[in-house]
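Chain by chain, the residues run as shown.
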Amino acid sequence: MNAVEGRNLLEGVDARTRLAGSNKMEILLFSLGTREIFGINVFKVREVGRTPHITKTPNMPRGVEGLISLRGNVIPVLSLAPFMHLDGTPPGLGKTMMVAEYSKRTLGFLVHEVDRIIRVDWDRVKAPESVLSANQGLITAVIELEGGGLVSILDVEQILANAFGEAMIIDIQPARVDGDASVFFVDDSIVARRKISEVLDKLGVRHKHATNGMEAWTRLQGIAAHTQQIGVNIRDEIRLILVDAEMPEMDGYVLTKNIKADPRFDGVPVVMHSSLSSEANRAMGKSVGVDAYVAKFDAEALADTLRPLLER
């Protein structure tokens, strides 16, 4: 058994949470039976072990193999290989299962094998080039290993949307705001950006976005410099900033610290919107100064969090 297999990765979660504030992350490397190397943030993985017996159920979406009972909870199990459309994947189900938590939902992901955990700086995590991102948006970032080779970080939010469909956004009460309120948001997931935009449209506020933390910080600095130059309050341009926690080149914790340390952004609330929904991650967000923390993806909860901050 691989050294990672059989481990409860919740052990040491406090130490890993402290990494977030230092612009570092830990990645669990795995393969799908081909030469490609994939990765997933360790924060999201609860445990790794051998694939258990899976109960087949009718009418499951493609890639969803069935259900298992895990310590009294029934969870769906997805095989990642069919989503990636790779040539040369071995037949049958993956022999290893990663149990992960996304937005308060626990799932099993079948892979060929896990390799090891690596620690990297977020500035080494790069947004994929268009040739990679063309793979249905399933790769959200790329890391170059020190010894050579690339690791593709999966956009699990997009994979889940492909498997189960996207939740319908019900009617959301518009925010009562004066003037042309605008929200600046940043998220590296295509599906997340689309759903955030839908919520903001229903709230009746203008919005602009960035796709990674470094891009967001560069653009925010430009906006702050412009408003300062023309002598207007930055809240006339940006009423609220919404940040993801995990992003290439600069994570949301460091981005929030930068914003809060810059007096030009005084009075602009920062909301963290993340699939990392544990109390430890919420505490980390609070420690860097976020004004609110909301788990992905609950459209009503997001709207209810943003509305009072936009209206004040």
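Before reading further, recall that the structure is shown in the block above.
What comes next is a walk through the structure. (Residues numbered from 1 in each chain as written. Predicted model: local features only at pLDDT ≥ 70, side-chain atom pairs only at ≥ 80, totals over all residues. Heavy atoms only, no water.)

1. Quick look at the sheet that holds strand β16 (residues 292-295)
The parallel open sheet is built from five strands, whose spatial order is β13-β12-β14-β15-β16. Unpaired on one side and paired on the other, β13 (206-210) and β16 mark the two borders of the sheet. Averaged over all neighbouring strand pairs, the angle between strand axes comes to 20°, with direction disregarded. Of the pairings in the sheet, the one linking strand β12 (residues 182-186) to strand β14 (residues 240-243) comprises four bridges and is parallel in character. Pairing of F184 across the sheet is with I241, part of β14. (Pairing = 2+ DSSP bridges. Helix = DSSP H or I, 4+ residues; strand = E, 2+ residues; numbered from the N terminus. Axes fitted to C-alpha atoms, helices over the stretch in contact; angles between N-to-C directions.)

2. Observations concerning the packing of helix α6 (residues 213-230) against helix α7 (residues 252-261)
Following both chains from N to C, one finds α6 and α7 inclined at 15°, their axes separated by 9 Å at the closest point. One element, α6, and the other, α7, form an angle in the roughly parallel class. Judged by the sense of rotation from one axis to the other, the crossing of α6 with α7 is right-handed. Judged by residue contacts, G213, A216, W217 and L220 of α6 engage L255, N258 and I259 from α7. Grouping the constituent residues of the contact of α6 with α7 by class yields five nonpolar, two polar and no charged. (Parallel < 35°, antiparallel > 145°, perpendicular 65-115°, else oblique. Left-handed = near helix turned anticlockwise from the far one by under 90°. Contact = heavy atoms within 4.5 Å. Nonpolar A, V, L, I, M, F, W, Y, C, P; charged D, E, K, R; others polar.)

3. Examining the side chain of K44
Relative to the helices and strands, K44 resides in the loop between β2 (37-41) and β3 (45-50). Apart from the residues within four sequence positions on either side, K44 is in contact with V99, A100, E101, Y102, E246, S275 and L276.

4. Thoughts on the packing of aromatic side chains
Across all of its chains, the model carries two aromatic pairs by this definition. With 6.0 Å between their ring centres and 25° between their planes, F30 and F38 make a pair best called stacked. Residue class for F30 comes out buried when judged on its relative accessible area of 2%. In this structure F38 comes out as buried when scored by relative accessible area, which is 2%. Ring plane angle 40° and centroid distance 6.1 Å describe the contact between W217 and F265, whose orientation is recorded as tilted. One end of the pair, W217, is in helix α6; the other, F265, is in the loop between α7 and β15 (270-274), and 48 residues separate them in sequence. On the accessibility criterion, W217 (12% relative accessible area) is buried. F265 gets classed as buried once you look at its relative accessible area, which sits at 4%. (Phe/Tyr/Trp six-rings, centres within 6.5 Å; stacked < 30°, edge-to-face > 60°. Buried < 20%, exposed > 50% of the residue type's maximum accessible area, 1.4 Å probe, protein only.)

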